[in-house]
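# Summary of structural features
Each chain, written out:
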Amino acid sequence: MRMKRLAAVAAVAVLALGVAACGSESETPGTPSGESPLVGKATAGTLKFGVKADQPGLGLQTGSTYEGFDVEIAKIIAKGLGGDPAKNTYVTTVSANREPFIQSGQVDIVVATYTINDDRKKKVNFAGPYYTAGQDLLVKTDSTIAGPEGLEGKKVCSVAGSTPAKRIKEQFPKAQLQEFDAYSKCVEALNNGTVDAVTTDDIILAGYAAQSQFAGKFKVVGKPFSSEPYGIGLKLEDKAGCNKINDILKAAVADGSYKAAWDATLGKSGTPAPTLDVSKLSNCPA
């Protein structure tokens with residue numbers, strides 16, 4: 001009987017270890033069941049956001065400081081998660097490394113003009129969209145290019161790994177696509193005449209055109225040929241975090257902080273704040 005009791009105790013211990021091991025695969029230590037690990041990181045002041053560093057009005061780095069609409073959205077998210085936005089850490093991301101940075105844990109959340117699409121949704125989770133842009137063209141003020149149909153035989157620049165670059169390849173194959181790792185390099189190439197146009201989302205292009213060093217040199221064609229819903233990227237398995245961020249966006253619209261974020265950044269270009277349709281914040285998995 002004693003041997004049977006010992007065997008039964010051992011079996012229970014093995015089962016308990018197995019259950020603990022299974023739980024450790026899906027939950028961050030110290031995170032209550034059903035709660036996003038982002039909440040704990042926010043309260044600890046250790047949230048890391050991936051943002052762009054070269055997009056005026058959206059994500060622009062000057063020295064060690066980041067500013068722009070996406071940065072303001074990151075601050076709203078941190079506060080909504082229970083953290084102090086002043087303690088956020090910002091990490092420069094480019095279009096090609098957003099998914100790897102999220103998957104590897106180099107950043108917790110990406111707010112970086114990040115278009116939601118089906119391919120990316122296989123790799124990361126998206127809250128949002130918090131803004132919908134449209135792909136357009138930036139050209140010199142004396143350019144005769146009036147839309148994407150005028151790109152045949154022209155040199156057009158975009159960023160490697162971006163949705164705009166992919167669209168040019170697929171829909172306008174007779175354009176000569178030049179790819180860099182940052183839009184700022186594309187804009188410089190347009191300025192020095194080595195490319196004929198730069199393509200990405202209209203609001204990004206407007207930010208560049210409004211910079212003082214380019215005043216009067218460039219124009220946005222104003223003929224958008226896509227719809228680009230900007231999402232907030234986080235780990236694929238973090239459904240609770242995704243839903244929480246959507247709730248934060250809804251609250252930001254209701255209390256005016258979303259509009260204030262726009263007015264303090266992109267609003268300076270004269271573009272009025274968009275009306276965020278919170279009924280479309282539905283990219284989190286069921």
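Our subject is the structure that appears above.
Residues numbered from 1 in each chain as written. Predicted model: local features only at pLDDT ≥ 70, side-chain atom pairs only at ≥ 80, totals over all residues. Heavy atoms only, no water.

With that settled, consider helix α3 (residues 69-80). An ideal rise of 1.5 Å per residue puts 16 Å on twelve residues; α3 measures up with 17 Å between its terminal C-alpha atoms. Residues Phe69, Asp70, Val71, Ile73, Ala74, Ile76, Ile77 and Ala78 constitute the buried set of α3. Backbone geometry just after α3 places Gly82 at a positive phi near 100°. (Helix = DSSP H or I, 4+ residues; strand = E, 2+ residues; numbered from the N terminus. Expected span 1.5 Å × (residues − 1). Buried < 20%, exposed > 50% of the residue type's maximum accessible area, 1.4 Å probe, protein only.)

Here the focus is the pattern of salt bridges. A complete count under the given rule lists nine salt bridges for this structure. Residues Arg120 and Glu99 are paired through a salt bridge, measuring 3.6 Å at the closest nitrogen-oxygen approach. Linking Arg120 in the loop between β6 (109-115) and β7 (124-133) with Glu99 in helix α4 (residues 98-104), this pair joins segments that are 21 residues apart in sequence. Judged by relative accessible area, Arg120 falls into the buried class, the value being 5%. Residue classification places Glu99 among the buried residues on the basis of a relative accessible area of 10%. A salt bridge links Lys169 to Glu179; the shortest N-O distance between them is 3.4 Å. Separated by ten residues along the polypeptide, Lys169 in helix α5 (residues 163-171) and Glu179 in strand β10 (residues 176-180) bring together distant segments of the chain. Relative accessible area serves as the criterion here: at 49%, Lys169 is assigned to the partly exposed category. (Salt bridge = Lys/Arg side-chain N within 4 Å of Asp/Glu carboxyl O.)

Take the sheet that holds strand β2 (residues 54-55) next. Taken in spatial order, the three strands line up as β2-β3-β4 in an open sheet, and their pairing is antiparallel. Strand pairing shows two members of the sheet lacking a second neighbour, β2 and β4 (65-67), which therefore form its edges. (Pairing = 2+ DSSP bridges.)

This next bit is on the packing of aromatic side chains. Tallied over the full model, the rule gives eleven aromatic pairs. Aromatic pair Phe69 and Tyr258: ring centres 5.7 Å apart, planes at 80°, arrangement edge-to-face. Remark: Tyr258 occurs in helix α9 (residues 257-263) and Phe69 occurs in helix α3; sequence separation between them is 189 residues. The exposure class of Phe69 is buried, given its relative accessible area of 1%. Relative to Phe126, the ring of Tyr114 lies with its centre 4.8 Å away and its plane at 70°, an arrangement referred to as edge-to-face. Of this pair, Tyr114 sits in strand β6 while Phe126 is found in strand β7, placing the two residues twelve residues apart along the sequence. Given a relative accessible area of 0%, Tyr114 falls into the buried group. Among the aromatic residues, those joined into a ring-pair cluster are Phe69, Tyr130, Tyr131, Tyr230, Tyr258 and Trp262. (Phe/Tyr/Trp six-rings, centres within 6.5 Å; stacked < 30°, edge-to-face > 60°.)

What follows deals with the environment of Gly57. Relative to the assigned elements, Gly57 resides in the loop between β2 and β3 (59-62). As a C-alpha pair, Gly57 and Tyr208 span 151 residues in sequence and 8.6 Å in three-dimensional space. Those residues within four positions of Gly57 in sequence are excluded, and the remaining contacts are Gly68, Phe69, Thr265 and Leu266. (Contact = heavy atoms within 4.5 Å.)

Bringing the pairing of strand β13 (residues 228-235) into the picture now. Burial within β13 is extensive, with six of its eight residues counted as buried. As defined by bridge partners, β6 adjoins β13 across three bridges and the pair is classed as antiparallel. Within β13, the residue paired with Val110 across the bridge is Gly233.

Another point: the state of the cysteines. Think of a disulfide as a covalent bridge from one cysteine sulfur atom to another cysteine sulfur atom. Throughout the structure, instances matching the rule amount to two disulfides. Each disulfide pairs two cysteine sulfurs, and for Cys157 the partner residue is Cys186, the sulfurs being separated by 2.1 Å. Judged by the sign of its S-S torsion, about -70°, the bond between Cys157 and Cys186 is left-handed. Residue Cys157 is found in strand β9 (residues 155-159), and its partner Cys186 is found in helix α6 (residues 183-191); the two are separated by 29 residues along the sequence. With cysteine numbering restricted to those in disulfides and following the sequence, the chain has the pairing 1-2, 3-4. (Disulfide = S-S within 2.5 Å.)

Any link to function would need more than the numbers given here.
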